[in-house]
Amino acid sequence: MKRILIPVDGSQHALHAVQALLEARRYDPVAQVELLNVQVPLHAGKIGRGLTQEEIDAYHLRESRDALREPAALLHSAGLPCTEHTEIGPIAETIARVARDTRADEIYMGSRGLGSVSALLMGSVATKVLHLTALPVTLIK
């Protein structure tokens, strides 16, 4: 049985990845899901006067809890165990590191479906993750 990492950001795309996993587990058993929310680092002094690092940390935690709430509820209601992770750092690199640290067998990710020109100019988190891990990555549109 597999351990799956699902990065979530509060978007519908992330929820689609959770729903796709729930459908796929009928023919591919899953033992554990690792839900991950990665917050982009913000630092006191750079985002506005008067904010302390403690206030910024509280903001990151609040945002992460909001992003994790619905995916975790879907998994729990389906009877699938999940562990919630909050990390702060570069998104793709953090996803690849947490996949290694949790010994994930596969990554399920929502894809925003950038057009090919946009993807070439900007790149995407999914593309970066594909380059940073040897694990299978299932992209859900």
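Residues numbered from 1 in each chain as written. Predicted model: local features only at pLDDT ≥ 70, side-chain atom pairs only at ≥ 80, totals over all residues. Heavy atoms only, no water.

1. A word on the environment of Ile56
Then step 1. Position of Ile56 relative to the elements: it lies in helix H2 (residues 53–77).
Then step 2. The class of Ile56 is buried, set by a relative accessible area of 2%.
Then step 3. Expressed as a C-alpha distance, the spacing of Ile56 and Leu42, which sit 14 residues apart in the sequence, is 6.9 Å. (Helix = DSSP H or I, 4+ residues; strand = E, 2+ residues; numbered from the N terminus. Buried < 20%, exposed > 50% of the residue type's maximum accessible area, 1.4 Å probe, protein only.)

2. Quick notes on the nonpolar core
Then step 1. In this structure, Ile6, Leu21, Val33, Leu35, Leu75, Leu80 and Tyr108 are the most contacted members of the largest nonpolar core, which totals 20 residues.
Then step 2. Where this core is concerned, the elements lending two or more residues are strand E1 (2–7), helix H1 (12–24), strand E2 (30–39) and H2.
Then step 3. Residue contributions to this core peak at 7 residues, all from H1.
Then step 4. Apart from the residues lying within four places of it in its own chain, the contact partners of Val33 are Ile4, Ile6, Leu21, Leu75, Leu80, Pro81, Cys82 and Thr83.
Then step 5. Listed in part, the 13 residues of the second largest apolar core include Leu36, Val38, Met109 and Val137. (Core = buried A, V, L, I, M, F, W, Y, C linked by side-chain atoms within 4.5 Å. Contact = heavy atoms within 4.5 Å.)

3. Re the confidence of the model for the chain
Then step 1. Looking at the chain, the pLDDT average stands at 88 and 87% of residues meet or exceed 70.
Then step 2. In the model, residues 116–122 has pLDDT below 50 throughout and makes 3 contacts with residues more than four positions away in sequence or in other chains. (pLDDT = per-residue confidence, 0-100.)

4. Here's the deal with the side chain of Gln32
Then step 1. You can see Gln32 is positioned in strand E2.
Then step 2. Only 2.9 Å separates the side chain of Gln32 from the side chain of Thr83, close enough to count as a polar contact.
Then step 3. In this structure, Gln32 is in contact with Lys2, Arg3, Ile4, Pro81, Cys82 and Thr83, ignoring residues within four places of it in sequence. (Polar contact = N/O pair within 3.5 Å; in protein donor to acceptor, adjacent residues only side chain to side chain.)

5. Some remarks on H1
Then step 1. With 13 residues, H1 ought to run about 18 Å at 1.5 Å a step, and its terminal C-alpha atoms sit 18 Å apart, in line with that.
Then step 2. Taken together, the buried positions of H1 are Ala14, Leu15, Ala17, Val18, Ala20, Leu21, Leu22 and Ala24.
Then step 3. Buried-residue contacts for H1 involve E1, E2, H2, strand E4 (106–110) and strand E5 (137–140). (Expected span 1.5 Å × (residues − 1).)

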